[in-house]
Structure formats: structure tokens, C-alpha cells
Amino acid sequence: MADRIEQAKRALRADLRERRQTVSAHAREAAEAGVKAQLDALVDRLGARSISCFLSTPTEPGTHAFVAGAVARGIRVLLPITREDGLLDWSVATPDTEIAEGLFGLPEPVGDVLGPIAVNDVDLLVIPAAAVDQRGMRLGWGRGYFDKTLGSMEKCPPVYAVIFDSELIDDVPRDVHDQPVTGVVTPTRTLAIAAPTA
């Protein structure tokens, strides 16, 4: 059963990765501007003063403009740093945060490192995803960093995954360790997803 789920996830990831490769530079710029507007409005609506947000890769809906704008507005932004042991460290974004290639080639901050529990103080988590389904189940990229983080938090604040509009799909293959999200942010909308009832 677990093998079948993993195969389904791998196939879906490959398809989504391929689709992201075909997005034009112009569409990427528009997506980043849309994501920034949606996230700015979400932060304001939630009254969030401290958040975590990933730094997008070139094929993801862009988050860099949002992070820079949030820092300029005086919001505390924690950026994730991947570790060998599968956990995430964090670093506080500054106006001149240096970005380097981290583990797995992801853009990550260079700066003072805070341990994994630093994220327990945020009002909102903004995380990457390959896709999210109508029930809020998230398909990540397969390394489990954010599932581990969310699963270990005592009191989890709202969690929003950033995806392209076409990546909100009917059904995501789900395994026992997979963690749902509160909602999604796309370049055109922010959608809160009701928690599934048992």
C-alpha cells in the first residue's frame, strides 16, 4: 500500500515539475506579483507580526518580493534552512539577507541560525507545495521537512501552501505522516480550507 502511494506521489510530482518548467518568464513575474499581493493581504487579515516563509526556487511561484516587502514593513520573517537530519533550522530575514545555495540546491539564507523550535513563535507558516487537494492535503517534493515541522509543533498556527492555480487538484495521494494545510495561496486567490472531519 505504502509503495503504491509513493509511486502515485512520484508520478504526480514528475508531471507537476514538468509543467512548472514550461511557465514563461513573463508568467513567473506576474505570479510573483500576484503571490505578494495575496500574502500581504493574508498577513494583514491575520494580524501576523511574525511569520515563516520559504524562499522560492526559479520554478516556484515567487516569494522573494513578498519576503522583502514583509521585512520592510517590520514583520519578523523566519526563513528555513535544511539540515542533514531532516529538520529545519531558521534564520531571521533582514533587508540585506545573503542568499546562498543550501542542501538540495535550494535558496537559503546565510546568517545567524536559530534551532528548529524557533518556528513555534510564528503567527503564520507559508510553505512550498507541489499540489494541494480540496481537503487541504499537501503534496510536497518528497523530503518531508515541512511534514516533520508541522507534525512536531505543539500549537500550529495557520499554514498556507503557495502553489500555481492549476495545482489545486481534486485528490493528492496521502500517507500517514502527511500533514494538511489550512489553506492555499495562488497568484490569483487565497483559499482557506476547512479542516477535514474524521
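Since the model is a prediction, treat every value here as computed from it, not as a measurement.

The rules behind these values
- Residues numbered from 1 in each chain as written.
- Predicted model: local features only at pLDDT ≥ 70, side-chain atom pairs only at ≥ 80, totals over all residues.
- Heavy atoms only, no water.
- pLDDT = per-residue confidence, 0-100.
- Helix = DSSP H or I, 4+ residues; strand = E, 2+ residues; numbered from the N terminus.
- Pairing = 2+ DSSP bridges.
- 1 Å grid on protein atoms, 1.4 Å probe; cavity = no way out; pocket = protein on both sides within 12 Å on 5 of 7 lines; lining within 4 Å.
- Points joined across faces, edges and corners; volume = space filled by probe spheres on them.
- Nonpolar A, V, L, I, M, F, W, Y, C, P; charged D, E, K, R; others polar.
- Salt bridge = Lys/Arg side-chain N within 4 Å of Asp/Glu carboxyl O.
- Buried < 20%, exposed > 50% of the residue type's maximum accessible area, 1.4 Å probe, protein only.
- Phe/Tyr/Trp six-rings, centres within 6.5 Å; stacked < 30°, edge-to-face > 60°.
- Lys NZ or Arg CZ within 6 Å of the ring centre and 35° of its normal.

Considering every residue of the chain, the mean pLDDT works out to 92; 97% of them sit at 70 or more. Confidence scores differ between elements of the chain, with helix H1 (residues 2–21) showing the lowest mean pLDDT of 89 and strand S1 (residues 50–53) the highest of 98.

Next up on the list: the pairing of strand S5 (residues 107–110). With four bridges joining them, strand S4 (residues 98–101) and S5 adopt antiparallel strand pairing. Paired with Ala 100 across the two strands is Glu 108, which belongs to S5. In textbook terms, the turn of a hairpin is the stretch between consecutive antiparallel strands, and for S4 and S5 this stretch comprises five residues, one of which, Phe 104, has a positive phi near 65°.

Take the layout of surface pockets next. Estimates place the volume of the largest pocket at around 670 Å³. Around the largest pocket, the lining comprises 33 residues; the ones closest to its centre are Glu 60, Leu 106, Pro 128, Trp 141 and Arg 143. The set of elements that each furnish at least two residues to the lining of the largest pocket consists of H1, strand S2 (76–82), S5, strand S8 (138–139) and helix H4 (145–152). Looking at the lining of the largest pocket element by element, the count peaks at six residues for H1. By volume, the second largest pocket amounts to about 160 Å³. Around the second largest pocket, the lining residues are Leu 55, His 64, Val 67, Ala 68, Val 71, Leu 79, Ala 93, Thr 94, Pro 95, Thr 97 and Ile 99. It is helix H3 (residues 64–72) that provides the largest number of residues to the lining of the second largest pocket, a total of four residues. Looking at side-chain class alone, the lining of the second largest pocket contains eight nonpolar, three polar and no charged residues.

What follows deals with the pattern of salt bridges. Taken as a whole and assessed by the stated rule, the structure comprises 12 salt bridges. Residue Glu 167 pairs with Arg 20 through a salt bridge whose shortest N-O separation is 2.7 Å. With Glu 167 in the loop between strand S9 (159–162) and strand S10 (168–169) and Arg 20 in helix H1, this residue pair connects regions lying 147 residues apart in the sequence. The buried category is assigned to Glu 167, whose relative accessible area is 2%. A residue is classified by how much of its surface remains accessible, and Arg 20, at 3% relative accessible area, is buried. A salt bridge links Arg 83 to Asp 85; the nearest nitrogen and oxygen atoms lie 2.5 Å apart. Classification of Arg 83 by relative accessible area gives partly exposed; the value is 23%.

So, on to unusual backbone geometry. One non-glycine residue, Phe 104, lies in the positive phi region at around 65°. Among the structural elements, Phe 104 can be located in the loop between S4 and S5.

Taken in spatial order, the three strands make up an open sheet running S8-S7-S10, and their pairing is mixed. Only two strands of the sheet have a single partner each, and these edge strands are S8 and S10. Bridge count for strand S7 (residues 131–133) against S10 is two bridges, and the pairing is parallel. The residue bridging Val 132 from the neighbouring strand is Leu 168, located in S10.

Under the defined criterion, the tally for this structure stands at one aromatic pair. Relative to Tyr 145, the ring of Phe 104 lies with its centre 6.0 Å away and its plane at 70°, an arrangement referred to as edge-to-face. Here Tyr 145 lies in helix H4 and Phe 104 lies in the loop between S4 and S5, a separation of 41 residues in the sequence. Assessed through its relative accessible area of 42%, Phe 104 is described here as partly exposed. If you follow Arg 143 out to its NZ or CZ, it ends over the ring of Phe 104, 3.9 Å from the centre.

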